[in-house]
Amino acid sequence: MSATAGRPDLPSWTTILSSMRKFALLPDWLVGAVQGERVRSVLTSCIPEFASGALILQDCRAKHLLLSDDGSGWTGIYNLTIAEPGTGQSRVVRLLGMLIPPDQGAPDAIAVAVTFGSNGWRTYVPELRLLLQMPLADSQLEILPQLTNLEQARALLELSIRTHALAYHTLRIESCRPQVLRYHPGLRCTIGYHLTYASDGTAGHHWPTFVVVKTYDGDKGRNAYGCMQALWDSPLGTSAAVRIAEPLAYVPELKLLVQGSIPTEQTLQALIGSALRADTPEALADLDDYMRKAAAGLAELHSAGVGIGKVHYWEDELAGARAFVQRLTAAVPGLARAATPLFTCLESLGTACPPDPLVPTHGTFRPSQVLLDHGQIGFIDFDSFCQAEPAMDLALFRAATIDMGMSAFDKEEAIATEPAMHDGHIDRLIHLEAIADRFLAHYTALRPVSRRRVAVWEALNILELVVRSWDRVKPVRLNHTILMLERHLCTQLT
């Protein structure tokens, strides 16, 4: 029976779907800001150094465009490849870009006395509604120089691990070799360290040869360390179904988390893409086997009996999604109230369908957080660990699996003008839904869960994927996330 049947106070599915179609297409002014060739052409004509031929603009790529917290516009980085005529040499100039929506006031006339590429250079491009300027020096985490200095990092790691992990109180590191794995300037950095030990006095010790260090601008590291300690001491720490990294230290004054590593060949996300592209019985069987193992590992996590971590309710997720949409509609007023019918329906469904009991919850469980190694799996990234109903992890994983599978065939640099509704996309989506269904079936064979509740959470997760496609200016991704949402509402909630 339809979720809205017999409820005249609720919007019809026709109304919901019609209203959500307003999200289906990014406006030209927004898409144009990420079209490299268009941006290159406009900048070539309006920046004097390019227009005169003193410099040649060979290429322009927009990266990391994100909607500002107040919804006043988008900011991101524009990497311009510049050549000087006759030299045969090129260089990349990194600019900070601020995209201003049409209903926002354009900046006052900008006149600068410095040449392109110099400190203080900035210009406003009316055709793109784009303010470009030389960025300030990269902000970085205060601890980062120490973490990349070989001797300072060696001493810090040795002291931290010996102090916080009793099993390693005699550990002596001879050398370390850092490898930056992920870096978000000013926010977060993940570094892997290859460790060697002095040969004397270390016989018989099983000390780690590779550790991972994360440093944060906030307090997520403290939460991750506390939760990882509790999980390590629970049955999950010795589970044969799933590996987790050993927590080694947390240094609060440096907001520094040190953990062991998990052997890794690839992530489940990578396997999803390669298996779908191969499309052979063997590749798909291998994928299904790992999905079954991921479901078993998640069931063990949910059964670990660990009671720490904040509680995250459905109402919290719903409020967060509302705020996310509200921020977008501040930048694009034409979307105002477009999601209201869907929110009204989901709120009603959430009330009518009671939640399962709270369990230890990963919080950001996606295929990218599942590591694969010779038939074994491991879970990483417990920064958002919390207590929640199991539908939170299950729904997010299902939505992410389908999204990542569709994205494996997307070419994000291609700019589409119409939603991708042809049979190929539908067939691929149905195939991915079946993969996600089998994952849920594997889980429910081990732990009971309300499938209706999972479907309600998943609708909200897919809506967030749609809005995130606007937030990050991903027109190709928007095509398939809209399709995901429409099919989910019509097949899972009606």
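Not measured: the values here are computed from a predicted model.

A.B. asks: Before we move on, can you summarise the environment of P107 with the specific residues and values?
C.D. replies: Mapped onto the elements, P107 comes out in the loop between β3 (90-99) and β4 (122-125). Residue P107 is classed as partly exposed on the basis of its relative accessible area of 28%. Not counting residues up to four positions away in its chain, the partners in contact with P107 are I100 and Y124.

A.B. asks: If you had to explain the environment of L10 to someone new, which residues and values would you point to?
C.D. replies: Its place among the elements puts L10 in the segment before α1 (13-20). Classification of L10 by relative accessible area gives buried; the value is 11%. Sequence-wise, L10 and C345 are 335 residues apart; in three dimensions their C-alpha atoms are separated by 6.4 Å.

A.B. asks: So what's going on with the packing of aromatic side chains? Residues and values would help.
C.D. replies: Inspection of the entire model under this criterion finds 11 aromatic pairs. Geometry around Y290 places K293 over its ring, the cationic atom sitting 5.2 Å from the centre. Above the face of the F409 ring, R428 is positioned so that its terminal group lies 4.0 Å from the ring centre.

A.B. asks: Describe the pattern of salt bridges, with residues and values.
C.D. replies: Per the stated rule, a full pass over the model turns up 21 salt bridges. One salt bridge connects R40 with E37, and the closest N-O pair in it is separated by 2.8 Å. Of this pair, R40 and E37 both sit in helix α3 (residues 36-46), three residues apart, roughly one helical turn. Here R40 falls in the partly exposed class, since its relative accessible area comes to 22%. When the shortest N-O distance is used, the salt bridge between R162 and E158 registers 3.9 Å. One end of the pair is R162 and the other is E158, both in helix α6 (residues 150-164) and four residues apart, which spans about a single turn.

A.B. asks: Got a sec to walk through helix α12 (residues 391-407)? Specific residues and values, please.
C.D. replies: Taking 1.5 Å of rise per residue, the 17 residues of α12 would be expected to cover 24 Å, and the 24 Å separating its terminal C-alpha atoms lies within 8% of that figure. With 16 of its 17 residues buried, α12 lies for the most part within the structure.

A.B. asks: Explain unusual backbone geometry to me, and be specific about the residues and the numbers.
C.D. replies: A positive phi angle, close to 60°, is found at H64, a residue other than glycine. Among the secondary structure elements, H64 is positioned in strand β1 (residues 56-67). When its relative accessible area of 61% is taken as the criterion, H64 is described as exposed. Even without being glycine, K255 reaches a positive phi, approximately 50°.

A.B. asks: Can you lay out the environment of T444 for me, pointing to particular residues and giving the numbers?
C.D. replies: Its place among the elements puts T444 in helix α13 (residues 423-444). Given the relative accessible area of 22%, T444 is considered partly exposed. The sequence separation of T444 and P367 amounts to 77 residues, and the corresponding C-alpha distance is 18 Å. Excluding its chain neighbours within four sequence positions, the residues that come into contact with T444 are V449 and R451. There is a polar contact of 3.1 Å between the side chain of T444 and the backbone oxygen of A441.

A.B. asks: Can you explain the packing of α1 against helix α11 (residues 340-352)? Please cite residues and give values.
C.D. replies: What describes two packed helices is the angle between their axes and the distance between those same axes. Following both chains from N to C, one finds α1 and α11 inclined at 135°, their axes separated by 8 Å at the closest point. The orientation of α1 relative to α11 falls into the category oblique. Together, W13, T15, I16, S19 and M20 of α1 and P341, L342 and C345 of α11 make up the contact between the two elements. For the contact of α1 with α11, the per-class residue count stands at six nonpolar, two polar and no charged.

A.B. asks: Provide a residue-level description of the pairing of strand β10 (residues 247-251), including the pertinent values.
C.D. replies: For β10, the tally of buried residues reaches five of five residues, placing the bulk of the element in the interior. Inspection of the sheet shows β10 paired to strand β11 (residues 256-259) by four bridges, in the antiparallel sense. In the sheet register, V251 faces β11, and the bridge partner there is L256. In this structure, the hairpin formed by β10 and β11 is closed by a connection of four residues, where K255 is found at a positive phi of approximately 50°.

A.B. asks: I'd like to hear about the sheet that holds strand β12 (residues 266-267), residue by residue, with values.
C.D. replies: Adjacent strands of a sheet form backbone hydrogen bonds with each other and so pair up, either parallel or antiparallel. Across the sheet, which stays open at both edges, the four strands sit in the order β9-β15-β14-β12 with mixed pairing between neighbours. With one partner strand each, in any of the chains shown, β9 (243-244) and β12 form the two edges of the open sheet. Alignment of β12 against strand β14 (residues 370-373), held across two bridges, turns out to be antiparallel. Considered in β14, the bridge of T267 is made with L371. The strands that helix α9 (residues 281-302) touches are β14 and β15 (376-379); relative to β15, the one it contacts most, it runs at about 45°.

Rules used in this analysis
- Residues numbered from 1 in each chain as written.
- Predicted model: local features only at pLDDT ≥ 70, side-chain atom pairs only at ≥ 80, totals over all residues.
- Heavy atoms only, no water.
- Helix = DSSP H or I, 4+ residues; strand = E, 2+ residues; numbered from the N terminus.
- Buried < 20%, exposed > 50% of the residue type's maximum accessible area, 1.4 Å probe, protein only.
- Contact = heavy atoms within 4.5 Å.
- Phe/Tyr/Trp six-rings, centres within 6.5 Å; stacked < 30°, edge-to-face > 60°.
- Lys NZ or Arg CZ within 6 Å of the ring centre and 35° of its normal.
- Salt bridge = Lys/Arg side-chain N within 4 Å of Asp/Glu carboxyl O.
- Expected span 1.5 Å × (residues − 1).
- Polar contact = N/O pair within 3.5 Å; in protein donor to acceptor, adjacent residues only side chain to side chain.
- Axes fitted to C-alpha atoms, helices over the stretch in contact; angles between N-to-C directions.
- Parallel < 35°, antiparallel > 145°, perpendicular 65-115°, else oblique.
- Nonpolar A, V, L, I, M, F, W, Y, C, P; charged D, E, K, R; others polar.
- Pairing = 2+ DSSP bridges.

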